[in-house]
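# Geometric and topological summary
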Amino acid sequence: MINKQVASAAEALADVADGATVMIGGFGEAGSPIELIHALIDQGARDLTVVSNNAGSGEVGLAALIKTGRVSKVICSYPRTANSTVFPELYNAGKLELELVPQGTLAERIRAGGAGIPAFYTPSAVGTPLAEGKETRTFDGRDYLLELGLKADFALIKGRTADTHGNVLYNKTARNFGPIMAMAAQTAVVQVEHVVQAGELDPETVVTPGVFVERVVAVANPVHESELVAAGAVYP
Amino acid sequence: MSTETSLKGWTRDEMAKRLAQDIPDGSYVNLGIGIPELVAKYVPDGREFVYHTENGLLGMGPSPQDGQGDPELINAGKRYVTANPGAAYFHHADSFAMIRGGHIDLCVLGALQVSQSGDLANWSTGEPNAIPAVGGAMDLVAGVKSIYVITQHCTKAGEPKLVESCTYPLTGLGVVTRIYTDLAVVEVTQDGFRLVELSPGVSFKAVQERTGAKLLPALDGVR
């Protein structure tokens, strides 16, 4: 019988190995799986490559993970955010590698990675500093850059509701990178407020089909990053 | 640059209102952060625009009242917004397929510099200690059908933002078609910058003096 629900975030992340590539959903705090990130901090894996749109704020969630020093590389589009102090400090100290990727290219690299497409051509960033060193090809008179698909060992994602088969529904703009990161990760872990039995979701409304999801964790009342930051919270 | 230091053109709101006049009814529009956001306040009577925000919402509505914000309903500037009737949510790959695939009609962006061939620099001043951050700007300029810039004509230090060629790192090559500043509306043509309209009380000469490249006069019949 298929039941992808696991008892806790700690159990869901117990096998993250040192050196793993971890995709972390969210655009700013919307969709940021704070409880899963905190469980990853507790778990202790080191030398991680993190793929995420931003680099966290305050000293909770993604920023707290980076602050542990266990992240060696960040692949993201916008590491400069309000209340973002951890990333600039480590980056300017040379302790953190950054691969800066235009947001749409980041999204498509993740989608492609999950769809079995190793590389693709895109018009974004042609003629800019982010095109340096990239193969260029002309189609119908316009230049495009070759970009590589991205895959990950784990994805940490926040949804609203999932069933025991791993079908996921999201909440408003918290959907952002969740569906494509689920596709691109070998082990996609989704935290949701509600876990229901298979059959309780209308198949017409499913956003992420369960084949892309390996583990579901119930987090009934997830915290919001901005509230933690406003309260001056520090994790751990 | 200091011949008429007291020159007073359009306010930011007037710039936004002027730009909104040029958006056709039914357009799908992406508004950048800052002055571009003001455009949404000035939809001309009888027109309806659908706002796209690249983090995953079509049909973005105004900010909610204080205390009513939902941390999971935000715009690309990470500010609380609302969803209008007819809105849709989607993931990032779909959002940027809308952008790159040419499905969005217009994007309004701020600028550090715009060149006379329409090159845009708006993501980095290239300072060595700055944290590099690009977001979706390079995708927007590469894929949206029309790119309008709304910006002050000069920097706070009085340097022109409309230049022969950009000195800051580029966001895109030959992408900007129109520029709305406090002093004028300018279009980017094959021959360079051409005046479309002057802010009331501002002379062509004054705008040329504050522009870092040749400004062509408005075509006959256009003021």
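Given the structure is predicted, the values throughout are model-derived calculations rather than measurements.

We now examine the overall build of chain A. A tally of regular secondary structure across chain A gives 7 helices and 13 strands. A compact globule built from 236 residues would reach a C-alpha radius of gyration of about 18 Å, and chain A, at 18 Å, matches this within 12%. Taken along the three principal axes of its C-alpha coordinates, chain A extends 50 × 40 × 30 Å. Nonlocal contacts in chain A, meaning residues at least 24 apart in sequence, comprise 78% of its contacts between residues at least 6 apart.

The next subject is the interface of chain B and chain A. A common way to report how large an interface is uses the accessible area buried once the components associate. Contacts between the two partners involve 33 residues from chain B, matched on the other side by 40 residues from chain A. Those elements giving two or more residues to the side of chain B that touches chain A turn out to be helix H3 (92–100) and helix H4 (137–143) of chain B. Taken together, the residues of the side of chain B that touches chain A break down into 17 nonpolar, 10 polar and 6 charged.

This part covers the confidence of the model for chain B. Averaged over every residue, the pLDDT of chain B is 94; the share at 70 or more is 96%. Per the prediction output, this complex has pTM 0.96; the corresponding ipTM is 0.97.

Residues and elements named next belong to chain B. Taken in spatial order, the 10 strands line up as E4-E3-E2-E1-E5-E8-E10-E11-E12-E13 in an open sheet, and their pairing is mixed. In this open sheet, the two strands that pair with only one neighbour each are strand E4 (82–89) and strand E13 (215–216). Each of strand E5 (106–109), strand E8 (146–150), strand E10 (176–180) and strand E11 (184–189) touches helix H1 (residues 12–20); the most contacted strand, E8, lies at about 160° to it.

A negative phi angle is the norm for most residues apart from glycine, just as the trans form is the norm for most peptide bonds. Residues and elements named next belong to chain A. Each neighbour pair has its own omega, and for Tyr-235 with Pro-236 the value is 0°, a cis peptide bond. Mapped onto the elements of the fold, Pro-236 is located in the segment after helix H7 (225–230). The phi angle at Asp-47 is positive, at roughly 55°, despite the residue not being glycine. Residue position: Asp-47 is located in the loop between helix H2 (34–43) and strand E2 (48–51). We classify Asp-47 as partly exposed; it has 13 C-beta atoms within 10 Å. Here the phi dihedral of Lys-172 falls at roughly 50°; this positive angle occurs in a residue that is not glycine. Within the fold, Lys-172 resides in the loop between strand E10 (168–169) and helix H6 (178–184).

So, about the pairing of strand E3 (residues 71–76) of chain A. All names here are of chain A. Across 4 bridges, E2 lies against E3 in parallel orientation. Note on E3: the bridge partner recorded for Val-50 is Val-74. For the segment spanning E2, helix H3 (residues 61–67) and E3, crossover handedness is right-handed. The parallel pair E3 and strand E4 (residues 97–100), bridged by helix H4 (residues 86–92), forms a crossover whose chirality is right-handed.

Before going further, it helps to spend a moment on the sheet that holds strand E12 (residues 194–196) of chain A. Residue and element names in this part refer to chain A. What the 3 strands build is an open sheet, ordered E10-E9-E12; its pairing is mixed. Across the chains shown, the open sheet's two edge strands, defined by having one partner strand only, are E10 and E12. Sheet topology note: the strand E9 (residues 161–163)/E10 ladder contains 2 bridges and is antiparallel. For Thr-161, the partnering residue across the bridge sits in E10 and is Leu-169.

Residue and element names in this part refer to chain A. Along the chain, the position of Arg-215 falls in strand E13 (residues 215–218). For Arg-215, a count of 20 C-beta atoms within 10 Å gives the class buried. For the pair Arg-215 and Leu-130, spaced 85 residues apart in sequence, the C-alpha separation works out to 36 Å. Sequence-distant contacts of Arg-215, defined by excluding residues within four places in its chain, comprise Lys-4, Val-6, Ala-12, Thr-187 and Val-189.

Attention shifts here to H1(B). All names here are of chain B. Within H1, the full set of buried residues consists of Met-15, Ala-16, Leu-19 and Ala-20. The buried residues of H1 occupy an angular sector of 135° when the element is viewed end-on, so they sit on one face. Against the buried residues of H1 lie helix H2 (35–38), E5, E8 and E10.

Before going further, it helps to examine the environment of B:Val81. Residues and elements named next belong to chain B. The topology assignment puts Val-81 in the loop between strand E3 (57–61) and E4. Its 25 C-beta neighbours within 10 Å are what place Val-81 among the buried residues. Separated by 73 residues in the primary sequence, Val-81 and Cys-154 place their C-alpha atoms 31 Å from one another. The contacts of Val-81, once residues within four sequence positions are left out, are Met-60, Gly-61, Ser-63, Leu-73, Ile-74 and Asn-75.

On to the pairing of strand E12 (residues 192–198) of chain B. All names here are of chain B. Bridge count between E11 and E12: 6 bridges; the pairing is antiparallel. Across the sheet, Glu-187 pairs through a bridge with Arg-194, a residue of E12. Hairpin connection from E11 to E12: 2 residues lie between these consecutive antiparallel strands. The pairing of E12 with E13 spans 2 bridges and is classified as parallel. Bridging from a neighbouring strand, Phe-193 pairs with Leu-215 of E13. On the question of chirality, the crossover connecting E12 to the parallel E13 by way of helix H5 (residues 204–209) is right-handed.

Conventions adopted
- Residues numbered from 1 in each chain as written.
- Chains lettered and ligands numbered in written order.
- Predicted model: local features only at pLDDT ≥ 70, side-chain atom pairs only at ≥ 80, totals over all residues.
- Helix = DSSP H or I, 4+ residues; strand = E, 2+ residues; numbered from the N terminus.
- Rg over C-alpha atoms; globule rule 2.2 N^0.38 Å.
- Contact = placed C-beta atoms within 7 Å.
- Nonpolar A, V, L, I, M, F, W, Y, C, P; charged D, E, K, R; others polar.
- pLDDT = per-residue confidence, 0-100.
- Pairing = 2+ DSSP bridges.
- Axes fitted to C-alpha atoms, helices over the stretch in contact; angles between N-to-C directions.
- Buried ≥ 20, exposed ≤ 12 C-beta atoms within 10 Å, placed from the backbone.
- Right-handed = clockwise from strand over helix to strand, strands pointing away.
- Arc of directions from axis to C-beta.

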